[in-house]
Amino acid sequence: AQSVTQLDSHVSVSEGTPVLLRCNYSSSYSPSLFWYVQHPNKGLQLLLKYTSAATLVKGINGFEAEFKKSETSFHLTKPSAHMSDAAEYFCVVSDGNTGKLIFGQGTTLQVKP
Amino acid sequence: ETGVTQTPRHLVMGMTNKKSLKCEQHLGHNAMYWYKQSAKKPLELMFVYSLEERVENNSVPSRFSPECPNSSHLFLHLHTLQPEDSALYLCASSQGPHSGQGANEQFFGPGTRLTVL
């Protein structure tokens, strides 16, 4: 069965510094992985997805994530945080048979001026 | 703009009321989903419709009744709700698991913020 664990419930960074949001997954086969972002009182927006092509995936707003099979990780990074990046971030794994998405608990990113 | 719209955006109702949430997708997808998002809890998948047939019901109480009249519209009918049902209800759509489209990412609407008094 697939599962996903976000290792930090809350991350705080200063504007202009790098962002690292950590995610580990468990899957019995080659997974599809996603990162979604949710701004306050909004729906979820897809940041990026991994589907067994390139292991380094580039997304919107300067975010990227690297799939590391040996570490079963899919961490989200951004070189320089912006105030508008403050939001909730969800790491997600897809069940390839059903299309069902399994969500992590979420990581709240705070960006300080 | 995600192509998935939800109405109303906010809803306050009493425990004896009957109301409906509406979702519409303009993306040509064939699967639609209802999720419940409560504070401090992971997203909970409630219902899945694929090609207008319900394919999943995650032990949701009968006071929540979904309806999918066509592939573009999804409703969630509410009656005799409880205060603990207060949450953000999110609708999503996707191409479905057997479309050959790859990862089948889901596209979400903005949600309906429901408060049950």
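Placed above this text is the structure.
Residues numbered from 1 in each chain as written. Chains lettered and ligands numbered in written order. Predicted model: local features only at pLDDT ≥ 70, side-chain atom pairs only at ≥ 80, totals over all residues. Heavy atoms only, no water.

## Thoughts on the overall build of chain A
- Assigned secondary structure in chain A consists of zero helices and twelve strands.
- Taken from the N to the C terminus, the helices and strands of chain A come in the order β-β-β-β-β-β-β-β-β-β-β-β.
- Its C-alpha atoms give chain A principal-axis dimensions of about 45 × 30 × 20 Å.
- Residue pairs at least 24 apart in sequence account for 55% of intrachain contacts in chain A once pairs closer than 6 positions are excluded.
- When the accessible surface of chain A is summed, it comes to about 5300 Å², and 51% of that surface belongs to carbon and sulfur atoms.
- In chain A, the 9 positive side-chain charges and the 8 negative ones have mean positions that sit 3 Å from each other. (Helix = DSSP H or I, 4+ residues; strand = E, 2+ residues; numbered from the N terminus. Contact = heavy atoms within 4.5 Å. Areas by Shrake-Rupley, 256 points an atom, 1.4 Å probe, with all protein chains shown as cover. Lys, Arg positive; Asp, Glu negative; His and termini not counted. Charge placed at Lys NZ, Arg CZ, Asp CG, Glu CD.)

## Some points on the interface of chain A and chain B
- Contacts between chain A and chain B engage 22 residues on the former and 20 residues on the latter.
- The interface formed by chain A and chain B includes one salt bridge.
- Here chain A and chain B share four residue pairs in polar contact (both at pLDDT 80 or more) between them.
- Of all elements in the fold, only strand S5 (32-38), strand S6 (44-50), strand S10 (87-94) and strand S11 (101-103) of chain A reach the threshold of two or more residues within the side of chain A that touches chain B.
- Per-class residue counts for the side of chain A that touches chain B are seven nonpolar, twelve polar and three charged. (Salt bridge = Lys/Arg side-chain N within 4 Å of Asp/Glu carboxyl O. Polar contact = N/O pair within 3.5 Å; in protein donor to acceptor, adjacent residues only side chain to side chain. Nonpolar A, V, L, I, M, F, W, Y, C, P; charged D, E, K, R; others polar.)

## Points about unusual backbone geometry
- Cis rather than trans, the peptide bond between Thr7(B) and Pro8(B) has omega equal to -10°.
- By secondary structure assignment, the location of Pro8(B) is in the loop between strand S1 (4-7) and strand S2 (10-13).
- For Thr72(A), which is not glycine, the phi torsion reads 45° and is therefore positive.
- Within the secondary structure, Thr72(A) sits in the loop between strand S8 (64-68) and strand S9 (73-78).
- By relative accessible area, Thr72(A) is classed as partly exposed at 31%.
- You will see that Thr80(B), though not glycine, has its phi angle at about 45°, which is positive.
- Tracing the sequence through the fold places Thr80(B) in the loop between strand S8 (73-79) and strand S9 (87-94). (Buried < 20%, exposed > 50% of the residue type's maximum accessible area, 1.4 Å probe, protein only.)

## Topic: the sheet that holds strand S3 (residues 18-25) of chain B
Residues and elements named next belong to chain B.
- Overall, antiparallel pairing links the four strands, which are arranged S1-S3-S8-S7 in an open sheet. Every interior strand has two partners, whereas the edge strands, S1 and strand S7 (64-70), have only one. For this sheet the average axis-to-axis angle between neighbouring strands, irrespective of direction, equals 20°.
- Relative to S3, S1 is paired through four bridges, and the arrangement is antiparallel. Bridge pairing links Val-4 to Gln-25 in S3. (Pairing = 2+ DSSP bridges. Axes fitted to C-alpha atoms, helices over the stretch in contact; angles between N-to-C directions.)

## What to know about the state of the cysteines
- Overall, the coordinates contain two disulfides over all chains when judged by the stated rule.
- The side chain of Cys23(A) participates in a disulfide bridge whose partner is Cys91(A); the two sulfur atoms lie 2.0 Å from each other. Sign of the S-S torsion, about -70° for the bond between Cys23(A) and Cys91(A), identifies this disulfide as left-handed. With Cys23(A) in strand S4 (residues 23-26) and Cys91(A) in strand S10, this residue pair connects regions lying 68 residues apart in the sequence.
- Judged by its relative accessible area of 0%, Cys91(A) is buried.
- One disulfide in the model links Cys23(B) with Cys91(B); its S-S distance is 1.9 Å. On the sign convention where negative means left-handed, the S-S torsion of about -75° between Cys23(B) and Cys91(B) marks this disulfide as left-handed. Residue Cys23(B) is found in strand S3, and its partner Cys91(B) is found in strand S9; the two are separated by 68 residues along the sequence. Both residues of the pair, Cys23(B) and Cys91(B), belong to the buried class. (Disulfide = S-S within 2.5 Å.)

## A few points about the environment of Ser3(A)
Residues and elements named next belong to chain A.
- Of note, Ser-3 is situated in strand S1 (residues 3-6).
- Assessed through its relative accessible area of 32%, Ser-3 is described here as partly exposed.
- As for Ser-3 and Asp-95, which are separated by 92 residues in sequence, their C-alpha atoms are 9.5 Å apart.
- Apart from the residues within four sequence positions on either side, Ser-3 is in contact with Asn-24, Tyr-25, Ser-26, Val-93 and Ile-102.

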